[in-house]
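Letter by letter, the chains look like this.
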Amino acid sequence: MDEPIPTLYEWLGGIDALNRLAERFYEHVREDALLAPVFAHMSSEHPKHVAAFLAEVLGGPTAYSRERGGHPHMVRSHLGRHLSQGQRRRWVTLLLETADELSLPDDPEFRSALVGYLEWGSRLAVINSQPGAAADESAPMPKWGWGEVKGPYRP
Ligand code: HEM
């Protein structure tokens, strides 16, 4: 019989793996000259919240939507921050380097899916951080799986 396909969340090791990833990642962020100023006021809870957010996107529990305001809250968190492409690229690179450091799964299928989401999510963060951007309060939580994105975004 065919084995069921795990979610990306299950494949990477669940919430414990995501919490470890986020904790270590933001330690690196605090030491990074380009990113440290952006996160100068982040709370000690920030890594846990980002881990819960990623868990939900990658097919895990929906705690972030129930307890923290879902995708609109994530979007609101980036409003007015004037993030640059350079900061975005460093953010993604550092997160992927931390995934390697902590030996998260590195098979091509998982990593291409992870990179796909990080590219999409981080580019949205930059767009939402520019002057005039606003949060769509009905925006659904993105759900990322193993497949390709099926085509460009068309509003
Ligand atoms: C896939 C990409 C990203 C995801 C999933 C993400 C996720 C999040 C989430 C969930 C929050 C709110 C946490 C809470 O509930 O309190 C947040 C806040 C924030 N994000 Fe992002 N983010 C992404 C990309 C970025 C990038 C590229 C930057 C900057 C280079 C950035 C900078 C920030 C900052 C500064 C905050 C506020 C931190 C604070 O509390 O002071 N994010 N992000």
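See the structure above.
Residues numbered from 1 in each chain as written. Predicted model: local features only at pLDDT ≥ 70, side-chain atom pairs only at ≥ 80, totals over all residues. Heavy atoms only, no water.

**What to know about the overall build of the protein chain**
Inclusion rule: The helix count covers DSSP runs of H or I at least four residues long, the strand count covers runs of E at least two residues long, and both are numbered beginning at the N terminus. The globule rule used here is 2.2 Å times the number of residues to the 0.38 power, and the radius of gyration it is set against is calculated over C-alpha atoms. Partly exposed residues are those whose accessible area sits between 20% and 50% of the maximum for their type, while under 20% is buried and over 50% is exposed, using a 1.4 Å probe and protein chains only. For this analysis, residues touch if any pair of their heavy atoms sits within 4.5 Å. Per-residue and other accessible areas follow the Shrake-Rupley method at a 1.4 Å probe size, with only the shown protein chains counted as cover for residues.
Helix and strand counts for the protein chain stand at 7 helices and 0 strands. Its helices and strands taken in sequence order, the protein chain reads α-α-α-α-α-α-α from the N to the C terminus. Here the C-alpha atoms of the protein chain give a radius of gyration of 15 Å, agreeing with the 15 Å that 2.2 N^0.38 yields for 155 residues. When each of the 155 residues of the protein chain is scored for burial, the buried share is 41%. Looking at the protein chain alone, contacts between residues at least 24 apart form 78% of all its contacts between residues at least 6 apart. For the protein chain, the computed accessible surface area is about 9200 Å², with 56% contributed by carbon and sulfur atoms.

**Focus on empty space enclosed by the protein**
How we decide: Space inside and on the surface of the protein is sampled on a 1 Å grid over the protein atoms alone, with a cavity defined as a set of points where a 1.4 Å probe fits but cannot get out and a pocket as an open set with protein on both sides within 12 Å along at least 5 of 7 lines; lining residues have an atom within 4 Å of a point. Grid points are joined across faces, edges and corners, and a volume is the space filled by probe spheres set on the points. Charged residues are taken to be Asp, Glu, Lys and Arg, nonpolar residues to be Ala, Val, Leu, Ile, Met, Phe, Trp, Tyr, Cys and Pro, and polar residues to be all remaining types, Gly included.
Applying the stated rule across the entire model yields 1 cavity of 30 Å³ or more. Considering only enclosed or pocket space, the largest cavity measures out at about 40 Å³ in volume. Lining the largest cavity, in full, are Leu-12, Leu-18, Leu-21, Leu-54, Leu-58, Leu-95, Leu-104 and Leu-114. Here the lining of the largest cavity is built from residues that sort into 8 nonpolar, no polar and no charged.

**Here we look at the packing of helix H2 (residues 14-30) against helix H6 (residues 85-101)**
What counts here: Angular values range over 0 to 180 degrees, each being the angle between N-to-C directions of two axes fitted as lines to C-alpha atoms, with helices fitted over their stretch in contact. The cut-offs work like this: below 35 degrees is roughly parallel, past 145 is roughly antiparallel, 65 to 115 is roughly perpendicular, and the gaps in between are oblique. Handedness of a crossing follows from how the near helix is turned relative to the far one, being left-handed for an anticlockwise turn of less than a right angle and right-handed for a clockwise one.
Here H2 crosses H6 at 130°, and the two axes come no closer than 9 Å. Taken together, the axes of H2 and H6 lie oblique to each other. Between H2 and H6 lies a crossing whose hand is right-handed. Residues Leu-21, Arg-24, Phe-25, Tyr-26, His-28 and Val-29 of H2 form the contact with H6, whose participating residues are Trp-91, Leu-94, Leu-95, Thr-98, Ala-99 and Glu-101.

**Quick word on the site of the ligand**
Operational definition: For each residue, the test is whether any non-hydrogen atom lies within 4 Å of the molecule or strand; if one does, the residue is near. For this analysis, a polar contact is any N or O atom pair within 3.5 Å, provided that within protein one partner can donate a hydrogen and the other can accept it, and provided that sequence-adjacent residues contribute only side-chain to side-chain pairs. What decides whether a molecule sits in a cavity or pocket is whether more than half of its atoms lie within 2 Å of the grid points.
Near the ligand there are 24 residues, and of these Phe-39, Tyr-64, Arg-68, Ser-77 and His-78 occur at the shortest range. Residue Tyr-64 places a side-chain N or O atom 2.5 Å away from an oxygen atom belonging to the ligand. Within the side chain of His-78, one N or O atom sits 2.8 Å away from a nitrogen atom of the ligand. Here the ligand occupies the largest pocket. Here the shell around the ligand is composed, by residue class, of 12 nonpolar, 9 polar and 3 charged.

**Topic: the coordination of the iron atom of the ligand**
The condition is simple: Any N, O or S atom lying within 2.8 Å of the metal counts as a donor, with the limit raised to 3.2 Å for Na, K and Ca; because water is left out of the atom set, some sites can appear incomplete.
The protein gives the iron atom of the ligand a lone donor atom, His-78 (NE2), placed 2.0 Å from the metal. For His-78, the position within the fold is in helix H5 (residues 70-78).

**Digging into H2**
How we decide: A helix is expected to reach a length of 1.5 Å times the quantity of its residues less one. Summarising the geometry, the arc corresponds to the directions from the helix axis toward the C-beta atoms.
Between its terminal C-alpha atoms H2 stretches 25 Å, which fits the 24 Å expected from 17 residues at 1.5 Å a residue. Buried within H2 we find Gly-14, Ala-17, Leu-18, Leu-21, Ala-22, Phe-25, Tyr-26, His-28 and Val-29. Looking straight down H2, one finds its buried side chains confined to an arc of 155°; they lie on one side. Set apart from the buried face of H2 by more than 90 degrees, the exposed residues are Asp-16 and Arg-20. In this fold, the buried residues of H2 make contact with helix H1 (8-12), helix H3 (46-57) and H6.

**Re the nonpolar core**
Heads up, the rule is: Here, nonpolar core refers to any group of buried Ala, Val, Leu, Ile, Met, Phe, Trp, Tyr and Cys residues whose side-chain atoms link them within 4.5 Å.
Leu-18, Tyr-26, Leu-58, Trp-91, Tyr-117 and Leu-118 are the most contacted members of the largest nonpolar core, which has 39 residues in total. Contact partners of Leu-18, with chain neighbours within four places excluded, come to Tyr-9, Leu-12, Ala-51, Leu-54 and Ala-55.

Shape is all these values report; function is a separate question.
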